[in-house]
Amino acid sequence: MSSKTKIIVLHMREVVYTAVFLLLAIILAVVLFFMFGSGQKKNNAADAQSHYKPGIYTSSIELNDNTFDLEVTVDADKINSIRLVNLSESTSAMFPLMEPALESLASQIYSSQSLDDIQYSEDQKYTSMILLNAIESALKKAENS
């Protein structure tokens with residue numbers, strides 16, 4: 001009886017724990033692969049391309065022989081500010097909806113960083129359309145070609 005047969009006793013609890021830990025290790029490995037794997041390099045190359053040339057861009061608006069500018073300030077990929085420049089008091093008095101309409105549009109543009117799906121009230125329709133055209137014109141100047 002010199003056989004070297006060994007009998008191994010495994011408890012079911014130990015087998016289950018081992019299976020669970022192996023499963024967690026595999027999930028962790030897959031997550032790490034996707035986080036730091038080859039897919040990340042493609043995203044970085046796309047992010048490296050900026051949407052705008054940083055700077056301040058203006059667009060002129062003419063209403064009843066009064067000319068004023070709309071100024072848009074952008075970073076490489078973000079619209080930072082939109083404001084009216086050279087707006088005289090007489091023009092502001094003749095067109096009282098100009099500044100409130102711009103504030104409403106600017107807040108929507110800041111949050112979405114886009115000119116798509118901008119909402120404006122019916123009483124500010126034409127004023128908002130003039131301002132949106134001026135903003136679009138300024139952003140076209142800022143875009144990278």
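This text follows the structure it describes.
Read on for an overview of the structure. Treat the numbers as computed from the prediction; the structure is a model and nothing was measured.

**With respect to the packing of aromatic side chains**
Tallying each qualifying case throughout the model produces 1 aromatic pair. With centroids separated by 5.6 Å and ring planes inclined at 70 degrees, the aromatic side chains of Phe33 and Phe34 adopt a geometry described as edge-to-face. Just as Phe33 is exposed, Phe34 falls in that class too.

**Brief notes about the side chain of Gln124**
As for its placement among the helices and strands, Gln124 is situated in the loop between α4 (98-112) and α5 (125-142). Not counting residues up to four positions away in its chain, the partners in contact with Gln124 are Leu97, Pro100 and Ala101.

**Some thoughts on the pattern of salt bridges**
One pass over the structure, following the stated rule, counts 2 salt bridges. For Glu71, the salt bridge is made with Arg83, and the minimal N-O distance between the two is 2.7 Å. Taken together, the residues Glu71 in strand β2 (residues 66-74) and Arg83 in strand β3 (residues 79-85) connect sequence positions 12 residues apart. Given the relative accessible area of 12%, Glu71 is considered buried. When its relative accessible area of 45% is taken as the criterion, Arg83 is described as partly exposed.

**Points about the sheet that holds strand β1 (residues 55-63)**
Spatially, β1-β2-β3 is the arrangement adopted by the 3 strands of the open sheet, whose pairing is antiparallel. The strands lining the two open edges of the sheet, one partner per strand, are β1 and β3. Recorded for the sheet is a direction-independent mean angle of 20 degrees between the axes of neighbouring strands. Sheet topology places β1 next to β2; 9 bridges connect them, and they run antiparallel. The residue of β2 that forms the bridge with Leu63 is Asn66. Where α4 meets the sheet, its contacts fall on β1, β2 and β3, and the angle it forms with β3 comes to roughly 170 degrees.

**Observations concerning α5**
End to end, α5 covers 26 Å across 18 residues, agreeing with the expected 26 Å (1.5 Å per residue, within 8%). Residues of α5 that are buried include every one of Thr127, Ser128, Leu131, Leu132, Ala134, Ile135, Ala138, Leu139 and Ala142, and no others. In a view along the axis of α5, the buried residues occupy a sector of 165 degrees, so they form one face of it. Turned more than 90 degrees away from the buried face of α5 sit Tyr126 and Lys140, all of them exposed. The inward-facing, buried residues of α5 abut β1, β2, β3 and α4.

**Focus on unusual backbone geometry**
One non-glycine residue with positive phi stands out, namely Asn64, at about 50 degrees. Structurally, Asn64 is set in the loop between β1 and β2. Its relative accessible area of 59% is what places Asn64 among the exposed residues. In the Ramachandran plot, Asn86 falls in the positive-phi region, its phi being about 60 degrees despite a non-glycine side chain.

**A closer look at the nonpolar core**
Ranked by size, the top nonpolar core spans 25 residues in total, and within it Leu70, Val72, Val74, Ile79, Ile82 and Leu131 carry the most contacts. Only β1, β2, β3, α4 and α5 provide two or more residues apiece to this core. Of all the elements, α5 adds the most residues to this core, at 7 residues.

About the thresholds
- Residues numbered from 1 in each chain as written.
- Predicted model: local features only at pLDDT ≥ 70, side-chain atom pairs only at ≥ 80, totals over all residues.
- Heavy atoms only, no water.
- Phe/Tyr/Trp six-rings, centres within 6.5 Å; stacked < 30°, edge-to-face > 60°.
- Buried < 20%, exposed > 50% of the residue type's maximum accessible area, 1.4 Å probe, protein only.
- Helix = DSSP H or I, 4+ residues; strand = E, 2+ residues; numbered from the N terminus.
- Contact = heavy atoms within 4.5 Å.
- Salt bridge = Lys/Arg side-chain N within 4 Å of Asp/Glu carboxyl O.
- Pairing = 2+ DSSP bridges.
- Axes fitted to C-alpha atoms, helices over the stretch in contact; angles between N-to-C directions.
- Expected span 1.5 Å × (residues − 1).
- Arc of directions from axis to C-beta.
- Core = buried A, V, L, I, M, F, W, Y, C linked by side-chain atoms within 4.5 Å.

Keep in mind that these numbers describe shape and distance, not what the molecule does.
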